[in-house]
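Here's the letter readout for the chains.
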Amino acid sequence: MGQGTPGISLLSTDSHAHWMEQAFREAEKAFAHKEVPVGAVVVLNNQIIGKGYNQRESLKDPTAHAEILAITAAANHMEDWRLKDATLYVTLEPCPMCAGAILNARIPRVVFGADDHEHGGCGGAIQLCAGKYLNHKVEIIGGILENKCKGILDSFFRATRK
């Protein structure tokens, strides 16, 4: 994605950090509910149109990842499943399931905090968002507020594995 791409503006690192802070607030909600602390927001035209945090345990739903819930909320807000001009901010690199949802929603940009070398679907363990045979490509930006995003995950797992 670049400067001449319609509907996509190049955002500064400061802007990415601002929106990642909003995703981090969602991760804190997950932490408070004893869920793996991952949070996500979908941003369009400088506004949050969807947000979510992990709720797999409380909803007893393996698909209740922060990204899926945020994408669903954004699609409901837009009354369209195509989120072609939005950016997804998430505190942890999306897993393969979430990467599939990102592709299906036509989200052009994903910004994440902490990478996930074991389960990441956006370059960590596997790269699903930039396959040469896909009809949709996703710009991936990682490492935004990385230490903060890793820190809440480390705190959660230290507390739950005592």
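Above this text is the structure in question.
Residues numbered from 1 in each chain as written. Predicted model: local features only at pLDDT ≥ 70, side-chain atom pairs only at ≥ 80, totals over all residues. Heavy atoms only, no water.

Lay out the overall build of the protein with the relevant residues and their values.
Helices and strands together make up the secondary structure of the protein, namely five helices and five strands. Ordered by position in the sequence, the α and β elements of the protein form the string α-β-β-α-α-β-α-β-β-α. Against the compact-globule benchmark of 15 Å for 162 residues, the protein has a radius of gyration of 15 Å, which places it among compact chains. Across the 162 residues in the protein, those meeting the buried criterion constitute 45%. At a minimum sequence separation of 6, the contacts of the protein that also span at least 24 residues come to 59%. Just so you have it, the protein exposes about 8600 Å², and 51% of that area is on carbon and sulfur atoms. Computed over 17 positive and 18 negative side-chain charges, the inter-centroid distance for the protein is 2 Å. (Helix = DSSP H or I, 4+ residues; strand = E, 2+ residues; numbered from the N terminus. Rg over C-alpha atoms; globule rule 2.2 N^0.38 Å. Buried < 20%, exposed > 50% of the residue type's maximum accessible area, 1.4 Å probe, protein only. Contact = heavy atoms within 4.5 Å. Areas by Shrake-Rupley, 256 points an atom, 1.4 Å probe, with all protein chains shown as cover. Lys, Arg positive; Asp, Glu negative; His and termini not counted. Charge placed at Lys NZ, Arg CZ, Asp CG, Glu CD.)

Before we move on, can you summarise the side chain of Glu-26 with the specific residues and values?
Structurally, Glu-26 can be placed in helix H1 (residues 13-32). In terms of polar contacts, Glu-26 uses its side chain to reach the side chain of Lys-29, at 3.0 Å. Aside from chain neighbours lying at most four places away, what touches Glu-26 is Val-38, Gly-39, Ala-40, Val-41, Lys-51, Gly-52 and Tyr-53. (Polar contact = N/O pair within 3.5 Å; in protein donor to acceptor, adjacent residues only side chain to side chain.)

Outline the pattern of salt bridges, supporting the account with residue identities and numerical values.
One pass over the structure, following the stated rule, counts six salt bridges. With a closest N to O distance of 3.0 Å, Glu-26 and Lys-29 form a salt bridge. Remark: Lys-29 and Glu-26 occur in helix H1; sequence separation between them is three residues, near one turn of the helix. According to the relative accessible area criterion, Glu-26 is buried, its value standing at 5%. Judged by its relative accessible area of 34%, Lys-29 falls in the partly exposed class. (Salt bridge = Lys/Arg side-chain N within 4 Å of Asp/Glu carboxyl O.)

Tell me about the environment of Ala-64, and name the residues and values.
Note on placement: Ala-64 falls in the loop between helix H2 (56-59) and helix H3 (66-78). Using a relative accessible area of 1% as the deciding quantity, one classes Ala-64 as buried. Ala-64 has contacts with Tyr-53, Asn-54, Gln-55, Arg-56, Leu-59 and Leu-69, leaving out every residue within four places of it along the chain.

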